[in-house]
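Commentary on secondary and tertiary structure
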Amino acid sequence: MRVFQEGDPVSTVELAKGTQLTYFPNPVQDDLTIVLPEAPSQDIKFELYQVDGKLIRSFTQTAASDTLTISGWNELDSGLYLLNFTAGGEEYSVKVVKK
């Protein structure tokens with residue numbers, strides 16, 4: 001498990017319910033960690049797009065806690081990606097830079 005340390009690049013998104021979605025590191029090389037409050041015990045559907053709109057990958061991951069790890073970034077080319085996902089009936093879209 002990767003532990004967040006001071007100085008790591010972190011991105012946050014303010015959610016409508018007054019909580020924050022946090023994802024790190026950004027830029028990513030191997031694994032992206034997403035901290036999403038209220039996510040435990042849910043199936044979360046992810047779609048990864050290139051900035052030109054091309055769907056790269058679609059998958060579902062079950063959240064065992066509020067922290068999810070998405071692997072496989074090392075297989076992608078460097079660049080900007082959009083990671084869309086649905087959790088708890090809410091849709092999210094975050095920008096992720098692949099180093």
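Below: a short report on this structure.

Parameters and conventions
Residues numbered from 1 in each chain as written. Predicted model: local features only at pLDDT ≥ 70, side-chain atom pairs only at ≥ 80, totals over all residues. Heavy atoms only, no water. Pairing = 2+ DSSP bridges. Helix = DSSP H or I, 4+ residues; strand = E, 2+ residues; numbered from the N terminus. Axes fitted to C-alpha atoms, helices over the stretch in contact; angles between N-to-C directions. Core = buried A, V, L, I, M, F, W, Y, C linked by side-chain atoms within 4.5 Å. Buried < 20%, exposed > 50% of the residue type's maximum accessible area, 1.4 Å probe, protein only. Contact = heavy atoms within 4.5 Å. Phe/Tyr/Trp six-rings, centres within 6.5 Å; stacked < 30°, edge-to-face > 60°. Salt bridge = Lys/Arg side-chain N within 4 Å of Asp/Glu carboxyl O. Patch = residues over 30% accessible without salt bridge, like charges linked within 9 Å, V, L, I, M, F, W, Y side chains within 5 Å. Areas by Shrake-Rupley, 256 points an atom, 1.4 Å probe, with all protein chains shown as cover.

Topic: the sheet that holds strand 7 (residues 79–87)
- Taken together, the 4 strands give an open sheet; going across it, the order is 5-4-7-8, and neighbouring strands pair in antiparallel fashion. Bordering the open sheet on either side are strand 5 (55–63) and strand 8 (90–98), each of which pairs with just one other strand. Recorded for the sheet is a direction-independent mean angle of 20° between the axes of neighbouring strands.
- Relative to strand 7, strand 4 (residues 42–50) is paired through 6 bridges, and the arrangement is antiparallel. From the neighbouring strand, Tyr49 faces strand 7, where its bridge partner is Leu82.

A short note on the nonpolar core
- Counting residues in hydrophobic clusters, the biggest one holds 21 residues, and the most contacted among them are Ile34, Trp73, Leu83 and Phe85.
- Listing elements by their share of this core, those giving two or more residues are strand 2 (20–24), strand 3 (32–35), strand 4, strand 6 (67–70), strand 7 and strand 8.
- In terms of residue count, strand 7 provides more of this core than any other element does, 4 residues in total.
- If we skip the residues at most four places from it in the chain, Phe85 touches Leu21, Ile34, Leu36, Ile44, Lys45, Phe46, Glu90, Glu91, Tyr92 and Val94.

Here's the deal with the pairing of strand 7
- For strand 7 and strand 8, the ladder comprises 9 bridges, and the chain directions are antiparallel. Across the sheet, the residue bridging to Ala87 is Glu90, located in strand 8.
- Hairpin connection between strand 7 and strand 8: a loop of 2 residues separates the two successive antiparallel strands, and Gly88 in this loop has a positive phi of roughly 60°.

Some thoughts on the packing of aromatic side chains
- Under the counting rule described, the total for this entry stands at 4 aromatic pairs.
- Aromatic pair Phe46 and Phe59: ring centres 5.0 Å apart, planes at 15°, arrangement stacked. Of this pair, Phe46 sits in strand 4 while Phe59 is found in strand 5, placing the two residues 13 residues apart along the sequence.
- Each member of the aromatic cluster is reached from another via a ring pair, and the members are Phe46, Phe59, Phe85 and Tyr92.

Looking at the pattern of salt bridges
- Summed over all chains, the structure comprises 2 salt bridges.
- As a salt-bridge pair, Lys45 and Glu47 come within 3.6 Å of each other at their nearest N and O atoms.
- In this structure Lys45 comes out as partly exposed when scored by relative accessible area, which is 42%.
- A relative accessible area of 21% places Glu47 in the partly exposed class.
- Here Glu75 makes a salt bridge to Arg57, at a shortest N to O gap of 3.7 Å. One end of the pair, Glu75, is in the loop between strand 6 and strand 7; the other, Arg57, is in strand 5, with 18 residues separating them in the sequence.

Thoughts on a nonpolar patch on the surface
- Together, Val51, Leu80 and Val97 line one region of the surface with nonpolar side chains, adding up to about 230 Å² of accessible area.
- Leu80 sits in the partly exposed class, given a relative accessible area of 38%.

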